[in-house]
Amino acid sequence: MSILEKTINLISDLPESKIETIYSFVQFLKSQQTLETASDEKPLDDIFENIVGILPDTGKTLEEYRAERMEERYETIN
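Here the residue index of a chain counts from 1 through its sequence in written order. Since the coordinates come from a predicted model, pLDDT governs what is reported: local features require at least 70, and pairs of side-chain atoms require 80 or more to be given and counted, while whole-chain, interface and lining totals use all residues. Each side-chain value is worked out from all heavy atoms of the structure, with water and hydrogens disregarded.

1. Here's the deal with the overall build of the protein chain
Turning to step 1, where the next piece is worked out: Each helix is a run of H or I in the DSSP string that is no shorter than four residues. Each strand is a run of E no shorter than two, and both are numbered from the N terminus. Looking only at helices and strands, one finds four helices and zero strands in the protein chain.
Turning to step 2, where the next piece is worked out: For the protein chain, the N- to C-terminal ordering of α and β elements is α-α-α-α.
Turning to step 3, where the next piece is worked out: Categorising residues by exposure relies on relative accessible area from a 1.4 Å probe, with only protein chains included: less than 20% of the type maximum marks a residue as buried, more than 50% marks it as exposed, and the intermediate range marks it as partly exposed. Per-residue burial over the protein chain gives 0% buried out of 78 residues.
Turning to step 4, where the next piece is worked out: When the accessible area of the protein chain is evaluated, it comes to approximately 7900 Å², of which 58% is carbon and sulfur surface. Only the protein chains shown count as cover for residues, with accessible areas throughout obtained via the Shrake-Rupley method and a probe of 1.4 Å.

Structure follows, in structure tokens:
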């Protein structure tokens with residue numbers, strides 16, 4: 001039997017208020033956990049930094065960009 005299964009068996013006998021306390025503690029532990037990234041993976045912030053600036057900031061809304069793209073795509077030759 002795994003540790004998780006043993007823990008679930010113990011928790012099943014506790015009142016709801018105690019279970020909430022345990023849940024809060026587990027959330028705290030999870031928030032303190034630091035995730036190690038693999039050496040070949042870029043952190044999300046690095047990826048975001050690379051994406052920012054791909055589209056020039058012309059002040060257009062997303063809908064304006066879409067309309068412009070559709071006009072270019074379906075433009076008829078005069």
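From this point on, the discussion continues.
2. Here we look at the pattern of salt bridges
Turning to step 1, where the next piece is worked out: One side-chain nitrogen of Lys or Arg within 4 Å of one carboxyl oxygen of Asp or Glu is enough to make a salt bridge. Inspection of every chain in the model, using the stated rule, returns two salt bridges.
Turning to step 2, where the next piece is worked out: Close ionic contact of Lys60 with Glu68 constitutes a salt bridge, the shortest N to O distance being 2.2 Å.
Turning to step 3, where the next piece is worked out: Taking relative accessible area as the criterion, Lys60 reaches 34% and is therefore assigned partly exposed.

3. Focus: a nonpolar patch on the surface
Turning to step 1, where the next piece is worked out: A surface patch of nonpolar side chains, amounting to about 520 Å² of accessible area, comprises Leu14, Ile22, Phe25, Val26, Phe28 and Leu29.
Turning to step 2, where the next piece is worked out: You can see Phe28 is positioned in helix H2 (residues 16-32). Candidates for patches are residues over 30% relative accessible area with no salt bridge; among them, like charges are joined within 9 Å and nonpolar side chains (Val, Leu, Ile, Met, Phe, Trp, Tyr) within 5 Å.

4. Points about the confidence of the model for the protein chain
Close inspection of predicted coordinates is inappropriate in any region flagged by low pLDDT.
Turning to step 1, where the next piece is worked out: In this model, the protein chain carries an average pLDDT of 77, and 72% of its residues clear a pLDDT of 70 or more.
Turning to step 2, where the next piece is worked out: Confidence per residue, as judged by the predictor, is encoded in pLDDT with a range of 0 to 100. When mean pLDDT is taken per element in the protein chain, helix H1 (residues 3-11) scores highest with 89 and helix H3 (residues 44-51) scores lowest with 70.

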